[in-house]
Amino acid sequence: MRGEELVVNEALKVRALPEGSYDKLLEFLKLYRDAVQIIVDRIWGIDEKLSWKKLHRLFYNDLMRLGFRAHHAKEIYVNAKSLVESARSNGGRKPVLRKLSARIDKYDYKLDLDNMTLTLKLHNNYEVKLRLVTPKERVEKFRSWSNYELVVKYDGKSFWISIYFKRIVKSLKPRTVMTIDLNFDNVTLAAYTLDGRRLRLKKLKTPHKKILTHKIWIEKIQKRYPKSWRFIKDVRRAIEKHGERIRNISWDYAHKLGDLVAELALKHNSVIILEDLEKLKENNKKRDKEFNKRLGLWFYHRIQFCVEYEAMERNLQVAKIDPRGTSSKCPRCGGKLVEDGHRVLGCKRCGFVGDRDVTATINIYKKYVSKYSRCGVSGVAPNAPKPDENPSRMQGNKNEAMTTES
Ligand SMILES: [Zn+2]
């Protein structure tokens, strides 16, 4: 599970125009580059591992003598060290710097987003003020973020500034668990309280049949023109058209589902449980049959991507579980479930009977609880929800289908 506090980093790259002459800024960038090069040259031959302390002792005074400020000096030797290390680990040659680029610590600049200006502190106490050339709306979202570092570059024509922002996302402690069971033709969403009561159940259709129809069309066309379909314009265009429909249908569905899941999770203050697709892939190698009932992996990826994205936008937590056995194990006794009518599974050992998809959500819930209850989710009861799921008593509306035609 994601931690309670999450740091989100983002860089904003903008063009910047110096107010007045930019000679001093260019001079600074050249001096900075040459200083990095000098240190690269000097530590290239040193085999021992250089600590920050040692770098400081070796180079700080020299850099100060060149007119740099304390944090300039630190950035310069840190930069040189990482250049040398990455060149060595790639088995490369000693780095030779040509580009004009400097990393500047927050102590050496002042960013004013109200007036869209940036003041940089340069060598020998020079300062330069730059105007950020970008629509104000672009920086608006960063107002509540903090920034800690930036990179100035000169590409021969313009100056570019990349400002590194971060913000700390505090996620709320989840009070419920949102499970999602994805199948070939339907999706089941169920929210459980931490003590195992089901609060909400929702079933939705997937557009997978529609996607398959387009796939079959593509295969048919390719079979009819096995060698030439790539080269006949109309044939290729027909294939592309079906491919585009598949893309549109699947993205459209994934966006809508992601939004719906996140909205429900927000409403119920849930942690969202997704199936670990890496594990699904592994499990799959052994059990191909089961997989045929499921969606294509690419479609899973797309849906998960959208669910995770929408969850992040709302500061919701997401956890992943190994999906193995979620649709074949009895949630009451762990026995093997067998078909007991249309979409109904039963356990011969303990007599449990339940809707196939709802049973899967109980198992997903149980997996989450057993995986995470010991590490910080307070109030999670070790017992499973009562297996009273019966198709005839389903709370959700079975026909609640999501439209996928746009
Ligand atoms: Zn059982």
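Quantities reported herein were computed from a predicted structural model and do not represent experimental measurements.

This part covers the overall build of the chain. Along the chain, the regular secondary structure elements total ten helices and 15 strands. Counting only carbon and sulfur atoms, one obtains 50% of the accessible surface of the chain, whose full area is about 22,400 Å².

Before going further, it helps to examine the coordination of the zinc ion. Looking at the zinc ion, the protein donor atoms are C330 (SG), C333 (SG), C347 (SG) and C350 (SG), and they sit 2.2 to 2.3 Å from it. Bound by four donor atoms, the zinc ion shows angles of 100 to 116 degrees at the metal and therefore tetrahedral coordination geometry. Relative accessible area serves as the criterion here: at 6%, C347 is assigned to the buried category.

Let's shift gears to helix α1 (residues 23–44). For the α-helix, the turn length of 3.6 residues means that residues three or four positions removed from each other point alike. With 22 residues, α1 ought to run about 32 Å at 1.5 Å a step, and its terminal C-alpha atoms sit 31 Å apart, in line with that. All buried positions along α1 are accounted for by L25, L26, F28, L29, Y32, R33, A35, V36, Q37, I39, V40 and I43.

Turning our eyes to something else, we now look at unusual backbone geometry. Negative phi is the rule for most residues except glycine; trans is the rule for most peptide bonds. For N125, which is not a glycine, the phi torsion comes out positive at approximately 65 degrees. By secondary structure assignment, the location of N125 is in the loop between β4 (117–121) and β5 (127–133). Looking at N125, the relative accessible area reads 67%, which means it is exposed. Non-glycine residue R343 carries a positive phi angle of around 55 degrees. Look at R343 and you get partly exposed, because its relative accessible area is 24%.

Within this structure, the stated rule accounts for 13 aromatic pairs. Here Y154 and F159 contribute two aromatic rings whose centre-to-centre distance is 4.6 Å and whose plane-to-plane angle is 40 degrees, an arrangement assigned as tilted. The burial state of Y154 is the same as that of F159; both residues are buried. Positioned over the ring face of W44 is R88, at 5.3 Å from the centre of the ring. Lying over the aromatic face of Y148, K166 brings its terminal NZ or CZ to 5.3 Å of the ring centre.

What follows is about the pattern of salt bridges. Taken as a whole, this structure holds 25 salt bridges when the rule is applied. Ionic pairing is found between E240 and R236, a salt bridge with its closest N-O pair at 4.0 Å. Residue E240 and its partner R236 are both found in helix α6 (residues 233–268); the two are separated by four residues, about one turn of the helix. Take R236: its relative accessible area is 33%, and that puts it in the partly exposed class. A salt bridge links R314 to D259, with the shortest nitrogen-to-oxygen separation between them at 2.9 Å. On the criterion of sequence distance, the pair formed by R314 in the loop between α9 (297–313) and β12 (318–321) and D259 in helix α6 is long-range, its members being 55 residues apart.

As a further point, take the sheet that holds strand β8 (residues 176–182). Read across the open sheet, the five strands follow the order β10-β9-β8-β11-β12; overall the sheet is mixed. Single-partner strands in this sheet number two, and they are β10 (198–205) and β12. Looking at each pair of strands side by side, their axes are set apart by 20 degrees on average, direction ignored. In this structure, strand β9 (residues 186–193) lies alongside β10, joined through seven bridges in antiparallel fashion. In the sheet register, L189 faces β10, and the bridge partner there is K202. Contacting β8, β9, β10 and β11 (270–275), α6 crosses the sheet at an angle of about 170 degrees to β10. Sheet contacts for α9: β8, β11 and β12; angle to β11, the most-contacted strand, approximately 160 degrees.

Further remarks concern the confidence of the model for the chain. Averaged over all residues, the pLDDT of the chain equals 85, while 86% of them reach at least 70. In the model of the chain, helix α8 (residues 288–292) stands out as the element of lowest mean pLDDT, 48, in contrast to β4, which has the highest, 97. Taken together, the stretch residues 375–406 has pLDDT below 50 and engages in 61 contacts with residues farther than four places along the chain or on a different chain.

Spatially, the three strands line up as an open sheet ordered β13-β14-β15, and their pairing is antiparallel. The two strands at the open ends of the sheet, each matched to only one other strand, are β13 (337–339) and β15 (353–355). Shown here is a sheet whose adjacent strand axes are inclined to one another by a mean of 35 degrees, direction ignored. Bridge count between strand β14 (residues 344–347) and β15: three bridges; the pairing is antiparallel. Its bridge partner lying in β15, V344 is registered against D355.

Conventions adopted
- Residues numbered from 1 in each chain as written.
- Predicted model: local features only at pLDDT ≥ 70, side-chain atom pairs only at ≥ 80, totals over all residues.
- Heavy atoms only, no water.
- Helix = DSSP H or I, 4+ residues; strand = E, 2+ residues; numbered from the N terminus.
- Areas by Shrake-Rupley, 256 points an atom, 1.4 Å probe, with all protein chains shown as cover.
- Donors = N, O, S within 2.8 Å, 3.2 Å for Na, K, Ca; no water.
- Tetrahedral: all angles 85-135°; square planar, octahedral: opposite > 155°, others 65-115°.
- Buried < 20%, exposed > 50% of the residue type's maximum accessible area, 1.4 Å probe, protein only.
- Expected span 1.5 Å × (residues − 1).
- Phe/Tyr/Trp six-rings, centres within 6.5 Å; stacked < 30°, edge-to-face > 60°.
- Lys NZ or Arg CZ within 6 Å of the ring centre and 35° of its normal.
- Salt bridge = Lys/Arg side-chain N within 4 Å of Asp/Glu carboxyl O.
- Pairing = 2+ DSSP bridges.
- Axes fitted to C-alpha atoms, helices over the stretch in contact; angles between N-to-C directions.
- Contact = heavy atoms within 4.5 Å.
- pLDDT = per-residue confidence, 0-100.

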